[in-house]
Amino acid sequence: MPILTTPTGGPTGSPALLADRYDRQVRAFGPHAQRRLAELTVAVVGLGGVGSQITQSLAHLGVGKLLLVDPDTVAATNLNRLVGAKPSDVARAATKVTVAARTVRTVNPQVRIRGITGSILDPVVWQQVRSAAVIVGAVDGHAPRWALNRLAVQYARCYLDTGVELGPAPRPEPADNQIQEADSRVRLEAGGHLAVVRPGGPCLRCLSGYDPRLVDAELDPELAAARRTAGYRVDDSGEPTPSVVFVNQIIAGYAAGELLNYISPWRPPLRYLLVDASANETAVLGADRDPQCLACGPDSPRGLSDAAGPPPVARTTTPPPARDAAGAQQSPNVRSSRYPSPGDLTWLKLVRTAVVDAGEGIAEVVG
């Protein structure tokens, strides 16, 4: 687990350059917000398509210290979306941490950078991330989200969880008496989410931002294999998924805006934002803490800090099987929550149905 630390010093430019760098931001948000940014330590966990965009944005904003975490190296399939990556990085198997740090130094040499080439599921890495006041997750899978949520709850950190979905949209079936001409247009479902965990508020599990059953499957290879054999889909983080730079930019922009909103409020805070880029729609969903939540409730490590220690990287405690309204047990891959599951395109349907679901107590804005 190599750790890359860049020196505090380095070229900073002329005094006039430093005075002018944040002039337009200060005109918008004021000098107090800029001072808060300069004092802030932000961890970006996951430096792929969305994470690299967020890292670049934070460098432009003037965040004082960045902790960059990712276990992977640059592959050729990353070059269409990984900010700052070059073909030479593929040839020399450069780490994504190295590429992200180079991008930050190019944009803003004043930012102090610490990079960790490792997984958030490694207890040593997990403990390093606790030094950040704000954590931005741009990870694939449910287990890393579970680990980041545990960290945010245990140390009272703000955690911004991001995710992007991109895939082919189902074509409507033509009527029996209708002859459709061939349509060469690409039909896609594209968008993503931003879930915000604030100290004292609902955690990511309260927001149904990860599925404990899939956390178990990802942490236990034997269980994952058994679920596949039984016919249940288990996300394979090693399989490349569709990705395009502009969708990543949309979600990264929302995350950067909410980070600034957290340290210097300029609009009402978000809980869960859904973005449907295909339909040019957004939906903001509200939620309260679940008083019996296993991740942040009475029996959780909420607020225990170092006294609780890192989470065991093993199967989590799975709740009793979900049951439908008639009392019948649901299949393990059926979700009863109104919130989306990362890696599941069903959230796109929620964007169009959330506004009529007033009985669930959802606060939403569509536009």
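Residues numbered from 1 in each chain as written. Predicted model: local features only at pLDDT ≥ 70, side-chain atom pairs only at ≥ 80, totals over all residues. Heavy atoms only, no water.

## Describing the overall build of the protein
We count it as follows: Helix numbering and strand numbering both begin at the N terminus, where a helix is a DSSP run of H or I of at least 4 residues and a strand a DSSP run of E of at least 2. The buried label applies to any residue whose accessible area, calculated with a 1.4 Å probe on protein chains only, is under 20% of its type's maximum; exposed applies above 50%, and partly exposed to all values in between. Should any heavy atoms of two residues lie within 4.5 Å, those residues are considered in contact. The Shrake-Rupley method, run with a 1.4 Å probe sphere, supplies the accessible areas, and residue values consider only the shown protein chains as cover.
On a plain count of helices and strands, the protein comes out with twelve helices and nine strands. Taken across its 367 residues, the protein has 46% of its residues classed as buried. Expressed as a percentage of contacts within the protein between residues at least 6 apart in sequence, the contacts between residues at least 24 apart total 71%. Accessible area of the protein: about 17900 Å², with a carbon and sulfur share of 54%.

## Concerning helix α8 (residues 142–155)
Stated precisely, the cut-off is as follows: Between the first and last residue of a helix there are one fewer steps than residues, each counted as 1.5 Å, and that sum is the expected span.
If you check α8, its first and last C-alpha atoms are 20 Å apart, about what 14 residues at 1.5 Å a residue would give, namely 20 Å. Of all 14 residues in α8, 14 are buried; the element is thus mostly enclosed. Taken from the residues just after α8, Ala 156 is the one with a positive phi, measuring 55°.

## A short note on the confidence of the model for the protein
What counts, and what does not: Known as pLDDT, the predictor's confidence for each residue is given on a scale from 0 to 100.
Put simply, the protein has an average pLDDT of 80, and 70% of its residues get 70 or more. With pLDDT under 50 throughout, residues 7–11 is counted as low confidence; its partners more than four residues away or in other chains account for three contacts. Across residues 315–367, where pLDDT falls below 50, the model places 108 contacts with residues more than four positions away in sequence or in other chains.

## Section: the state of the cysteines
Let me state the cut-off plainly: The disulfide definition used here is simple: a pair of cysteine sulfur atoms within 2.5 Å.
Using the criterion set out here, one finds zero disulfides in the structure. The closest cysteine sulfur to the non-disulfide-bonded Cys 203 is located on Cys 296, 3.7 Å from its own sulfur. Judged by its relative accessible area of 0%, Cys 203 is buried.

## Focus on the environment of Leu 285
Looking at the element boundaries, Leu 285 is found in strand β9 (residues 281–285). Assessed through its relative accessible area of 3%, Leu 285 is described here as buried. Taking the C-alpha atoms as reference points, Leu 285 and Leu 207, separated by 78 residues in sequence, lie 9.3 Å from one another.

## Observations regarding unusual backbone geometry
A positive phi angle, close to 55°, is found at Ala 156, a residue other than glycine. Within the secondary structure, Ala 156 sits in the loop between α8 and β6 (158–168). Assessed through its relative accessible area of 44%, Ala 156 is described here as partly exposed. Despite not being glycine, Ser 208 shows a phi value in the positive range, around 55°.

## What to know about helix α3 (residues 31–39)
To keep things clear, this is the line we draw: Working note: the arc is built from the helix axis to C-beta atom directions.
By the burial criterion, the buried members of α3 are Ala 33, Gln 34 and Leu 37. Looking straight down α3, one finds that the buried residues subtend no more than 100° of arc, so they occupy a single side. On its buried face, α3 sits against α2 (23–29), α4 (49–61) and α11 (245–263).

## Quick notes on the pattern of salt bridges
Rule in force here: Basic side-chain nitrogens of Lys or Arg form a salt bridge, by our definition, when they fall within 4 Å of a carboxyl oxygen of Asp or Glu.
All told, the structure shown has eight salt bridges when counted by the stated rule. Among the ionic pairs, Arg 198 bridges to Glu 258, the shortest N-O distance being 3.4 Å. Note that Arg 198 is positioned in the loop between β7 (188–197) and α9 (212–219) and Glu 258 in helix α11, a separation of 60 residues in sequence. When salt bridges with common partners are traced through the structure, they connect Asp 89, Arg 92 and Arg 102 into a single cluster.

## Comments concerning the packing of α4 against α11
Counted only if it meets this: Angles here are taken between N-to-C directions and fall from 0 to 180 degrees, while the axes themselves are lines fitted to C-alpha atoms, restricted in helices to the stretch in contact. The cut-offs work like this: below 35 degrees is roughly parallel, past 145 is roughly antiparallel, 65 to 115 is roughly perpendicular, and the gaps in between are oblique. Put simply, a crossing is left-handed when the front helix is turned counterclockwise from the back one by less than a right angle, and right-handed when it is turned clockwise.
Direction vectors running N to C along α4 and α11 enclose 45°, while the axes themselves pass 8 Å from each other. Comparing their axes, α11 and α4 come out oblique. Here α4 and α11 pass one another in a crossing that is right-handed. Facing Gly 49, Val 50, Gln 53, Ile 54, Ser 57, Leu 58 and Leu 61 of α4, the residues of α11 in contact are Val 245, Asn 248, Gln 249, Ala 252, Ala 255, Ala 256 and Leu 259.

## Describing the packing of α8 against α9
Helix packing geometry: the angle between the two helix axes and the distance between the axes. Rules: Here the nonpolar group is Ala, Val, Leu, Ile, Met, Phe, Trp, Tyr, Cys and Pro; Asp, Glu, Lys and Arg are the charged ones; every other residue, Gly included, is treated as polar.
Viewed as axis vectors pointing N to C, α8 and α9 meet at an angle of 110°, and their least axial separation amounts to 7 Å. As far as their axial angle goes, α9 and α8 are roughly perpendicular. Where α8 approaches α9, its residues His 142, Ala 143, Pro 144 and Trp 146 are matched on the opposing element by Leu 214, Val 215, Glu 218 and Leu 219. Classifying every residue of the contact of α8 with α9 gives six nonpolar, one polar and one charged.

## A word on the pairing of β7
Condition: Paired strands, in this sense, are two strands between which DSSP finds at least two bridges.
For β7, the buried fraction is high: nine of the ten residues fall into the buried class. By the bridge criterion, ten bridges tie β6 to β7 in an arrangement that is antiparallel. Its bridge partner lying in β7, Asp 161 is registered against Ala 195.

## Re the environment of Val 104
Note that Val 104 resides in helix α6 (residues 96–107). Separated by 46 residues in sequence, Val 104 and Leu 58 have C-alpha atoms that sit 8.5 Å apart. With sequence-adjacent residues up to four places away left out, Val 104 is seen in contact with Thr 55, Ala 59, Leu 66, Pro 109, Val 111 and Ile 113.

## A word on the packing of aromatic side chains
Stated precisely, the cut-off is as follows: We call Phe, Tyr and Trp rings a pair once their centres come within 6.5 Å, taking the six-membered ring for Trp, and we label the pair stacked below 30 degrees between planes, edge-to-face above 60, and tilted otherwise. Charge-over-ring placement is defined geometrically: NZ (Lys) or CZ (Arg) within 6 Å of the ring centre, and within 35 degrees of the ring normal.
Overall, the coordinates contain two aromatic pairs when judged by the stated rule. Measuring from centroid to centroid gives 5.9 Å for Phe 29 and Trp 266, while their planes differ by 70°, and the two rings are edge-to-face. Note that Phe 29 is positioned in helix α2 and Trp 266 in the loop between α11 and β8 (272–276), a separation of 237 residues in sequence. On the basis of relative accessible area, Trp 266 is assigned to the partly exposed category, the value being 43%. When the ring centre of Trp 266 is taken as origin, the NZ or CZ atom of Arg 267, which lies over that ring, is 4.8 Å away.

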